[in-house]
Amino acid sequence: MFLTCYLLFLCVHGIFGGSSFTMVVDTTGSMVDEIEILKNNIQSLMLAMTNRNFDNYILIPFLHLDSGPPLISQSPQGLADIVSVIEVSEGYDCQENSLIAIQKALEVSKPRSTIFVFTDAEAEDADKLYTIQNLCENSQSQVIIFQSGTCFTRESQAATENIYKKIANSCGGSHFFFYLNNLRQSFKYMQEVTKVDWTEVKTYEFYGSRHYPFSVDSYTKDLLIAISGNYPKIAVKNNFGESIGVNEIIETTTMKVIRVGEALFGEYIADISCQGATMLTFYRKKEVKFRYGFSPLQPKSLRETTPLPIPGVINYLLISLPENNLDLVSIQLKMSDEYNHRSIDHQVIDESRKLYAATILIEPMRTFKVLVKCRDINNQEISGTSEQMQPQRLVLKSQSIAPEAKILEVDPLINFGSSYSLACKVNSYPKPEIWWEDSMEEKLPSESALLEIPHVYISYLRIENATRNDTITCKCKNTEGEDAVSTNINVNRTFTFDVIQTPSDITVEYGAEGKLFCEANTYPESEIKWYHNDTLIESLEDFDIIEDEHMLLIKNMNLNHTGTYNCEISNSEETRTFSSNVYISGLETPQIDLGNSEILLKPGDETEQECTIIKGKPFPEISWKYKSSYDNIDLSDVPDGVKINGAALKIDYADLYHSGFYVCEAINILGTDTQEISVKIQYPPKIRNGDEKKIVKYGETVDLICDVDAVPTASVRWDMYQDDIAIPFDARHSTNDRNTHRFTANTRDSGLYVCTAQNVLGTATRKVKVNVLVAPYIEALEWNTLTARRGSTVNLSCKIILGNPLPKIKWVYIAPNLNTTELVRSDSAGILDLVLEDITKKHEGSYQCIAENDVAVDSIKLLLTVI
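Residues numbered from 1 in each chain as written. Predicted model: local features only at pLDDT ≥ 70, side-chain atom pairs only at ≥ 80, totals over all residues. Heavy atoms only, no water.

Please set out the overall build of the protein residue by residue, giving values where relevant.
For the protein, the helix and strand inventory stands at six helices and 65 strands. For the protein, the C-alpha radius of gyration of 69 Å lies well beyond 29 Å, the compact-globule estimate for 867 residues. The buried share of the protein, reckoned over its 867 residues, is 46%. Considering only contacts within the protein whose residues lie at least 6 apart along the sequence, 69% involve residues at least 24 apart. With the model as given, the accessible surface of the protein reaches about 43,900 Å², and the carbon-plus-sulfur share is 47%. Distance between charge centroids for the protein: 4 Å, based on 79 positive and 118 negative side chains. (Helix = DSSP H or I, 4+ residues; strand = E, 2+ residues; numbered from the N terminus. Rg over C-alpha atoms; globule rule 2.2 N^0.38 Å. Buried < 20%, exposed > 50% of the residue type's maximum accessible area, 1.4 Å probe, protein only. Contact = heavy atoms within 4.5 Å. Areas by Shrake-Rupley, 256 points an atom, 1.4 Å probe, with all protein chains shown as cover. Lys, Arg positive; Asp, Glu negative; His and termini not counted. Charge placed at Lys NZ, Arg CZ, Asp CG, Glu CD.)

How would you summarise the layout of surface pockets if you had to cite specific residues and measurements?
Counted as a void, the second largest pocket has a volume near 650 Å³. Within the residue set of the lining of the second largest pocket, elements represented by two or more residues are strand 41 (598-601), strand 47 (660-668), strand 48 (671-681) and strand 52 (708-711). The residue inventory of the lining of the second largest pocket, partitioned by class, reads 14 nonpolar, seven polar and seven charged. (1 Å grid on protein atoms, 1.4 Å probe; cavity = no way out; pocket = protein on both sides within 12 Å on 5 of 7 lines; lining within 4 Å. Points joined across faces, edges and corners; volume = space filled by probe spheres on them. Nonpolar A, V, L, I, M, F, W, Y, C, P; charged D, E, K, R; others polar.)

An account of the pattern of salt bridges is requested, with residue identities and associated values reported.
This model, assessed by the stated rule, comprises 41 salt bridges. Lys617 is paired through a salt bridge with Glu509; the nearest N and O atoms lie 3.9 Å apart. Taken together, the residues Lys617 in strand 43 (residues 612-617) and Glu509 in strand 31 (residues 506-509) connect sequence positions 108 residues apart. On the accessibility criterion, Glu509 (43% relative accessible area) is partly exposed. A salt bridge links Asp652 to Lys643; the nearest nitrogen and oxygen atoms lie 2.9 Å apart. (Salt bridge = Lys/Arg side-chain N within 4 Å of Asp/Glu carboxyl O.)

An account of the pairing of strand 29 (residues 481-492) is requested, with residue identities and associated values reported.
Summarising the sheet, strand 22 (residues 413-415) and strand 29 pair through three bridges and their orientation is parallel. From the neighbouring strand, Leu413 faces strand 29, where its bridge partner is Asn490. Bridge count for strand 28 (residues 470-478) against strand 29 is nine bridges, and the pairing is antiparallel. Paired with Asn478 across the two strands is Gly481, which belongs to strand 29. Here strand 28 hands over to strand 29 after two residues, the two strands then running antiparallel side by side. (Pairing = 2+ DSSP bridges.)

Could you give an account of the packing of helix 3 (residues 98-108) against helix 4 (residues 129-139), with specific residues and numbers?
A packed helix pair is summarised by two numbers, namely the angle formed by the two axes and the spacing between the axes. Helix 4 packs onto helix 3 with a crossing angle of 25° between their chain directions and a minimal axis gap of 10 Å. Between helix 3 and helix 4, the interaxial angle falls into the category roughly parallel. When the axes of helix 3 and helix 4 are compared, the crossing they make is left-handed. Contacts between helix 3 and helix 4 involve Leu99, Ile102, Gln103, Leu106 and Glu107 from the first element and Leu129, Thr131, Ile132, Leu135, Cys136 and Ser139 from the second. Per-class residue counts for the contact of helix 3 with helix 4 are seven nonpolar, three polar and one charged. (Axes fitted to C-alpha atoms, helices over the stretch in contact; angles between N-to-C directions. Parallel < 35°, antiparallel > 145°, perpendicular 65-115°, else oblique. Left-handed = near helix turned anticlockwise from the far one by under 90°.)

Which residues make up the environment of Ile434, and what values do they have?
Following the sequence through the fold, Ile434 ends up in strand 24 (residues 433-437). Along the backbone, Ile434 and Asn324 are 110 residues apart, and their C-alpha atoms lie at a distance of 36 Å. Beyond its immediate sequence surroundings of up to four residues, Ile434 is in contact with Val426, Ser446, Ser448, Tyr457, Ser459, Cys474, Lys475 and Cys476.

Account for the confidence of the model for the protein, naming residues and giving values.
Chain-level statistics for the protein give a pLDDT mean of 87 and a share of 92% at 70 or above. Confidence drops under pLDDT 50 across residues 1-17; counting only partners more than four residues distant or on other chains, this segment forms 129 contacts. (pLDDT = per-residue confidence, 0-100.)

Just give me the short version of the nonpolar core, but keep the residues and values in it.
Core analysis: the biggest nonpolar cluster contains 33 residues, and Phe146, Phe176, Tyr189 and Val257 have the highest contact counts within it. For this core, the leading source of residues is helix 1 (residues 32-48), giving six residues. When near neighbours in sequence (up to four residues on either side) are disregarded, Tyr189 contacts Ile144, Phe146, Phe176, Ala226, Ile250, Met255, Val257 and Tyr283. In terms of nonpolar packing, the next biggest core, distinct from the first, is built from 23 residues, Tyr219, Phe290, Tyr356 and Val372 among them. (Core = buried A, V, L, I, M, F, W, Y, C linked by side-chain atoms within 4.5 Å.)

Before we move on, can you summarise the state of the cysteines with the specific residues and values?
In the structure shown here, the tally under the stated rule is six disulfides. A disulfide bridge connects Cys706 with Cys755, and the sulfur atoms are separated by 1.9 Å. Every disulfide takes its handedness from the sign of the S-S torsion; for Cys706 and Cys755 that torsion is -80°, giving left-handed. Here Cys706, found in the loop between strand 51 (701-704) and strand 52, pairs with Cys755, found in strand 57 (residues 751-759); they are 49 residues apart in sequence, far enough to count as distant. (Disulfide = S-S within 2.5 Å.)

Can you break down the sheet that holds strand 62 (residues 820-826) residue by residue, with the values?
The strand order across the open sheet formed by five strands is 59-65-64-61-62, and the pairing between neighbours is mixed. Looking at which strands have only one partner, the edges of the open sheet turn out to be strand 59 (785-788) and strand 62. In this sheet, neighbouring strand axes are inclined to one another by 25° on average, regardless of whether the strands run parallel or antiparallel. Where strand 61 (residues 808-814) meets strand 64 (residues 845-852), seven bridges bridge the pair, whose relative direction is antiparallel. Each residue of the ladder has a partner; that of Val812, found in strand 64, is Gln848.

Now the structure itself:
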């Protein structure tokens, strides 16, 4: 006879998720006694779980070949009613399809569930093992199997148990074997497991004995150790080897369950042993003991809250965690009449004190719990649950009470410059007027609200940027009276010398503004002084010291503002100096343009010339100077009649003395640029050289000068005339750019030379009469000796080829005795003939022709022989 299998499924999601309670029942005929035990115990099991809220309750009946559809109820009593009407069917099959029932339970369950399986039969559908293991891994569910019988040999039974143990091991559960007479112990175990939301469940399988170490920390609330095996034993000792007391829950020949009581913080060892295979399941419940409070205004400590919220209004929920090694992950509200939990956004109020706040709205008469999830330093999640509570109840009328005020923090010490809030609780009925005053009896902005119905109020004063000690008073009054309570605000300010900004090197464009910053937070108060090139900046003509912006402003940047700037921060305790360099950019040397380089004016003309500034920063200063000639380096003031108007030069009536060079000079701090313009007054040519006569010698270099002065420049030429006839110059003649005519004197160069200078206004001439002196030159005779017969006639001719002035000519006879006799003379002829008639012996001798002028003497000689 074989017990029809029931599978009891409990889906446990912890405090932040819903859960289901499910039973799977084999209704074959062999389960009559077991089903009766189930019916007798299901009611007590449901009553024992009144502290747990399950979303629904499920029964899954199954026969040999298949499981039935889930039967779902919304209440534990509904499940008990379903179980009470179960009827078994006929059949005594040994192996059952228990694994497919477990599979279905996992499929209909929610994640992180605990499943209880009751069976007295081996599993026939072992092929479902892999599917079940995957479902457990994905859902993180736990499967606990209770087996109350067997029908095969010891070997087949071992094989079946091996499948169940694989399921339990893979699904973090256990496999227990019961005899029919102690089947009721399974319900007791179910009560222990389901009444606590376990944080940690671990399963181990081994043979024989083992030392299992575990620790107890400040969050451990409950420990449960379950052992499955033959003749199980367990003893728990502390790290000193001393046995500690445990509470035995179940003890049979195949199962033992103990609860470790309020164990102290520390390390422990559980000595566990069985005969043969052993399966150990370790349950730990961790819980955060947090504190909480409510207020319609945002509190900063639990003293400013009340244990219950005011219904129908927005309340601040303040959460305080017990230790610094916890961080709040999430907050939820569990309303007793709602299916889902409400997630609430929260914010950190004070990380160091582990204070968190969220806003909630609770309707009147609604019952709820506050659920928190935290994470410790090992990244393990730990939950906590408040007691079940309801919001405050409305009170229609209360006894009148005169106001009584209490400031919750007396004589607080506030850091300098920080913000702070003070809270004042007022017990008063009817509603009081609440306000705050400082030591000058000036009212301060505050906010008040009802904290506890009907007569407890909370009021907040916000102090922004505390900089001085003061006495603050919370005052209140109603129709029954008034009250006031004061506290001293102490501002803590130790010696401080925090430099916030220091000046840095900057480059400022010429003419722009430059900014240097220097700021410090000091106590005692400090003074800031600025220095420029070691000189204290006192005058604000060029600078502005803007204290609100901690800035030195250079108003109009120029070269005088370059250099080193020092910011000196000093108080009675310390002095610090910070330096920076200020450079200038955008400077330009002057560049000017006159447009023209030369101006030609006629006498009486008017002109104006502008000296244009092309660039220059700083803006250049312009001046005009005068020089008489290009080569003159001495500058003087402009002549009379020339006007200077800024950069403009003006001549109203041009005169000859206005001729010259006018120089525009532009000067700034970087340099100078000058340009000049030539002003020329037009006049006809003038030749500075007068007429002259010039006597030169043959072969001399002759320079005929013609120094011409004319505006505009005159054209100049030289001409030569001989007997009023113009004679063209040959290549020997040249005229240079200074109008000087040059040649080497030749016999043909005597004549009248005329220099003519001409421009649009007129013509001028210069005449030079040139006389070239030439030494006499006599044409040579055909013979140097001549023989004549007696009685013949000899004709001798002396011809002058060159000579200027015309030479004087004479023939002389030189006797053999060297006596000389002048024979004939001529002063004006170019030829002189000598005729000797009837030649005799006395005519024999030398005959010489002599030509002489002012330059030189020339002669020819002939020897005459008479035969």
